[in-house]
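Breakdown of the fold
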Amino acid sequence: MTPSSPHLPAVRAALLAWFDRSGRALPWRVGPEGRRDPYRVWVSEVLLQQTQVVRGQVYFERFMTAFPTVQALAAAPIEAVLKAWEGCGYYARARNLHRAAGKVVGEGLPTTYEGWLALPGVGPYTAAAVVSLTLGEARAVNDGNVRRVLARLHGEKQPTDPWVQARADDLLDPERPGAFNEAVMDLGATVCTPKVPKCPDCPVSLWCAAFQSGQPAAYPAPKVRSAVREMRAVALLLGDAREAVLERREGTLLGGLMGLPTEVVDEGETPDQALARLVTRLGARVTGELGTVTHTMTHRHVTLTVFTGVGGPGRSQVADEPLPRLDHKALELWTRREASLFGTH
DNA sequence: AAGGCGGGGCC
DNA sequence: GGCCCAGCCTT
């Protein structure tokens, strides 16, 4: 029995009853159902883009303390926003959130789906989430949880985006759109999980084709991912782990964050050549090699060789600046060497 | 339509 | 090691 139209009301009711019983209490779920606080919801939805709730929650508290209102966010320098976002990844989210705050601070937050969609960093998912949760508007969200839950209910191994949206629109409870959206996402995150779904705990297993197949985890089929690209770079530590020359990264890769002065080793180039570019650019001199660190991101594997040197421009307090994991690893080379030199390990 | 974009947790 | 996560933007 798949959730074809005659069963939709039953599935819907079972889902909402489960949610009323077992839904998560989360810090952005404040205010009455369908009338949540829009700033909190907006910040949380952006933070949770491709980020699991348990970790997004930590950043949410940190972010709301630093920027309690959209006015405070708009007035803050981007450096402060990125510092609050440090370690959370996908830093374009922070840049866009800050940019959007500047756009809306005059006239207030949008009050329509289209208005939200027009903001940088707000796509179909986030716009639907915000208007359903804060205005009670009947918009079904479509995220990774919804995709997995609906693929399993219908026994669809290759759900396309329009297909998921259509199934979500069908199932949405127009009386309680906000609660419905939260319900499907909670189910996907806590019961209908990717690897080992807890079907005995599921309120809608009776109607679930994937459950009946005996292989619920096989739905949906895993996405094909592009290969991880290799990348080599050299960096220069001028200073120490607490105070060092830092540069602002440009472009899309870690853009806006600070880091050790770095040069990418281009195709057909030796690390020495990249290092030569680095010292010329900085007006510095190399004094030694600190070591090599590797760091894997979703789509890149970086091998970074770190050198020590003298000279160069002014230093910054490392703790005050937003640094990606890669640079923290590079700085740990210094810390580890100090520890071994002084025998304090 | 496809690829780029972080980082951590879990298998 | 691979896979996934309350996606969005650019090309």
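Residues numbered from 1 in each chain as written. Chains lettered and ligands numbered in written order. Predicted model: local features only at pLDDT ≥ 70, side-chain atom pairs only at ≥ 80, totals over all residues.

With respect to the packing of helix α5 (residues 78-85) against helix α6 (residues 92-104)
Definition in use: Simply put, an axis is a line fit to the C-alpha atoms, just over the touching stretch for a helix, and the angle between two N-to-C directions goes from 0 to 180 degrees. Segments assigned H or I by DSSP are reported as helices when at least four residues long, segments assigned E as strands when at least two residues long, and all are numbered from the N terminus. Orientation is classified from the angle alone, with under 35 degrees giving roughly parallel, over 145 giving roughly antiparallel, 65 to 115 giving roughly perpendicular, and any other angle giving oblique. Put simply, a crossing is left-handed when the front helix is turned counterclockwise from the back one by less than a right angle, and right-handed when it is turned clockwise. By definition, residue pairs are in contact when their C-beta atoms, positioned from the backbone, come within 7 Å.
Between α5 and α6, the least distance of the axes is 9 Å, while the angle of their chain directions is 140 degrees. For the element pair α5 / α6, the angle class is oblique. Between α5 and α6 the crossing geometry is right-handed. Contacts from Ile 78, Val 81, Leu 82 and Trp 85 in α5 reach Ala 94, Arg 95 and His 98 in α6.

Some points on the domain arrangement of chain A
Heads up, the condition is: Domains are outlined according to an automatic or database domain assignment.
The domain architecture assigned to chain A consists of domain 1 (5-218) and domain 2 (229-341). Distance between the C-alpha centres of domain 1 and domain 2: 37 Å. Of the residues lining the interface, seven residues belong to domain 1; the matching set on domain 2 comes to six residues. Among the elements that line the side of domain 1 that touches domain 2, the one with the most residues is α5, at four residues.

Description of the protein's contact with DNA strand B
Convention followed: To decide whether a residue is near a molecule or strand, its C-beta atom is placed from the backbone and checked for lying within 6 Å of it. By the convention adopted, Pro, Cys, Tyr, Trp, Phe, Met, Ile, Leu, Val and Ala count as nonpolar, Lys, Arg, Asp and Glu as charged, and the other residues, Gly among them, as polar.
Around DNA strand B, the surrounding shell holds 20 residues, and the nearest of these are Gly 89, Thr 252, Leu 253, Thr 298 and Pro 324. For the surface near DNA strand B, the class distribution of residues is seven nonpolar, nine polar and four charged.

Structural notes on the protein's contact with DNA strand C
Neighbouring residues of DNA strand C: 31 residues in total, closest Leu 48, Gly 123, Thr 126, Asp 143 and Gly 144. Ranked by the residues each element gives to the surface near DNA strand C, the list is headed by helix α8 (residues 124-135), at four residues. Here the surface near DNA strand C is built from residues that sort into 13 nonpolar, 13 polar and five charged.

Focus on the sheet that holds strand β1 (residues 229-237)
Spelled out, the test is: Being paired, for any two strands, means DSSP has found at least two bridges between them.
Strands sit in the order β5-β1-β7-β6 across an open sheet of four strands; the sheet is mixed. Only two strands of the sheet have a single partner each, and these edge strands are β5 (262-264) and β6 (284-296). Across the sheet, the mean angle separating the axes of adjacent strands is 20 degrees when strand polarity is ignored. Pairing geometry for β6 and strand β7 (residues 300-311), over 11 bridges, is antiparallel. Looking at β7, one finds that Ala 284 is bridged to Gly 311. The strands that helix α13 (residues 271-282) touches are β1, β5, β6 and β7; relative to β1, the one it contacts most, it runs at about 40 degrees. Those strands touched by helix α14 (residues 325-341) are β1, β6 and β7, and its axis lies near 120 degrees from that of β6.

Digging into the nonpolar core
When a protein is soluble and globular, its nonpolar side chains tend to lie buried together. Short version of the rule: Defined on buried residues, the nonpolar core groups Ala, Val, Leu, Ile, Met, Phe, Trp, Tyr and Cys residues joined through C-beta atoms within 7 Å. Note on burial: count the other C-beta atoms lying within 10 Å of the residue's C-beta; 20 or more is buried, 12 or fewer is exposed, in between is partly exposed, and C-beta positions come from the backbone.
Counting residues in each nonpolar core, the largest one holds 85 residues, and the members touching the most others are Val 306 and Ala 330. At seven residues, α8 tops the list of elements feeding residues into this core. Looking at which domains feed residues into this core, each of domain 1 (5-218) and domain 2 (229-341) gives three or more. Excluding residues that lie within four positions of it along the chain, Val 306 makes contacts with Ala 235, Leu 237, Leu 290, Gly 291, Val 293, Ala 330 and Leu 333.

Considering the environment of Pro 197
Tracing the chain through its elements places Pro 197 in the loop between α11 (177-190) and α12 (209-213). Overall, the presence of 23 C-beta atoms within 10 Å leaves Pro 197 in the buried class. Distance from Pro 197 to Ala 217, taken between C-alpha atoms, is 6.8 Å for residues 20 residues apart in sequence. Apart from residues lying up to four places away in sequence, Pro 197 is in contact with Val 191, Cys 192, Pro 216 and Ala 217.

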